[in-house]
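Observations on the model geometry
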Amino acid sequence: MSRFLPLRRKRGCMRNSEETSLRVAIDARLISGESGGVESVVVGLAHGLSQLTDGSEEYVFIAYEGLDTWIRGHIAGPCRVMTVPYRRPAIRRAWRAVSRSLPRVAASCLEAKRALLREPATNAVPAADATIEAAGFDVIHFPLQRGFRTAIPSIYHPHDLQHLHMPHFFTAEEYRSREIVYRTLCSTSTLVAVASRWVRNDVIASYQLPEEKVVVVPLAAPVDAYAKPSPVGISDIGYDLPTEYLLYPAATWPHKNHLRLLEALSLLRNQGIEVPLVCTGMKTGHFRTIERRIRRLQLSDQVQFLGVVSSKELVSLYAGARATVIPTEFEAASFPMWEAFRFGVPVACSNVTSLPEQAGDAAILFEPEDVQEIASAVQRLWTNEGLRGELIDRGHSRVDQFDWITTARTFRAHYRRIAGRAVSEEDRTLLERTSSI
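What you are looking at is a predicted structure, and each value in this text was computed from that prediction instead of being measured. (Residues numbered from 1 in each chain as written. Predicted model: local features only at pLDDT ≥ 70, side-chain atom pairs only at ≥ 80, totals over all residues. Heavy atoms only, no water.)

1. Observations concerning the confidence of the model for the chain
What counts is decided by this rule: On a scale of 0 to 100, pLDDT captures the predictor's confidence in every residue. Contact criterion: two residues are considered in contact whenever any of their non-hydrogen atoms come within 4.5 Å of each other.
This prediction gives the chain a mean pLDDT of 87; 84% of its residues lie at or above 70. Within the model, pLDDT remains below 50 along residues 8-19, and this stretch shows 11 contacts once partners closer than five positions in the same chain are excluded.

2. Quick word on the pattern of salt bridges
Note the threshold: The salt bridge criterion pairs a side-chain nitrogen of Lys or Arg with a carboxyl oxygen of Asp or Glu, the two atoms within 4 Å. To qualify as a helix, a DSSP run of H or I must reach at least 4 residues; to qualify as a strand, a run of E must reach at least 2; elements of each kind are numbered from the N terminus. Three exposure classes are used, based on accessible area relative to the maximum for each residue type with a 1.4 Å probe and protein chains only: buried under 20%, partly exposed in between, and exposed over 50%.
If you walk through the whole model with that rule in mind, you get 23 salt bridges. Here Glu58 makes a salt bridge to Arg23, at a shortest N to O gap of 2.7 Å. Taken together, the positions of Glu58 in strand β2 (residues 57-64) and Arg23 in strand β1 (residues 22-27) put the pair 35 residues apart, joining distant regions of the chain. A relative accessible area of 17% places Arg23 in the buried class.

3. Comments concerning the sheet that holds strand β8 (residues 245-249)
The test is simple: By this definition, two strands are paired if DSSP reports at least two bridges between them. For every element, the axis is a line fit to its C-alpha atoms; helices are fit only across the contacting stretch, and the angle between N-to-C directions ranges from 0 to 180 degrees.
Spatial strand order, β10-β9-β8-β11-β12-β13: 6 strands in an open sheet with parallel pairing. Across the chains shown, the open sheet's two edge strands, defined by having one partner strand only, are β10 (303-305) and β13 (363-366). Neighbour to neighbour, the strand axes of the sheet diverge by 20° on average, direction disregarded. Direction of pairing for strand β9 (residues 277-280) relative to β10: parallel, over a ladder of 3 bridges. Bridged to Leu277 within β10 is Val303.

Pasting the structure below:
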């Protein structure tokens, strides 16, 4: 028997049994370029849902007025955009008062944990959003890791609980803010959706949630949701790069582990193997530490950080890469891994969290805290052409198992179920699949 039984709608939410249409709100209130992979998730969801023309559902993406261009290009079919005025989220306003009593240092995370036990977590999460709730939605989907408490059936996406595993990378303010929001919305939502078994097990254990409340809905390659620009020559995009190089696309957050990757490249150079490295992504405050390490290891002529690049430039950079490396210490899922697989670039990545599950047999895995292991993995990719070809074939096979239309159909099945609507045979199959992943 399926563990996904029909849910009884809350009092006051029942519709006429003859009415079959379903209105779903997807919270897309973000500023493009500031949300990293979360923005790609929303775009992918819009891309998939826009192609579901075989149902009677309407999918409304709630975006900020005047800041919605990023999502409109991906909207079609049963999807549309509804805009609301931009204002600073209530959790930030509430947090300003809290932060005055908590030092902005990682060491105070213990006090943040204690404070969470003293004060009700729900006080910092909005109890409702009158504008959205008055629009007559049957389901609300929160894919941005934030949201509000509501009587309307809802799906919440926490993505990952990195703050619990690596509190030293967060200020006390950041730790407390995440913990309040994540714990509250995991508790009050109808369903919690994550992208991997590893994150599902982590969320269930960390927040003591019923197993049937947390489902795995795999995501697809972000590039599949965007118009695919043709790569141009590396020289034509304005960068002076070597003919071949190792590519690492990631913002320079400390947990992305650029420092150990640099140490590994230095180790290889001392062995007579010089591997050029090209990195893309937002340069955070931690980049100053990375620059100092580059100078200390005398890698300035071997390493380039390009910052944020356009989609056309990124496609060209993948086209010129001999391999991609992902040495991150923590990841809910790696979109750069999917991108590399899609563009035919072999991958070496960390063996942490959900990455082995995502990679399958299509990548070399290594321990991210072991510089020697990183160096060995890079050396194997860089020097073994036969291995690279084998990994490229496996990568194509791996990423081809996932697509945004299947992701969208799976969410549609959950939307219908938690709204108390009839589900099709296809829906039941997809619901069973999310329970067995």
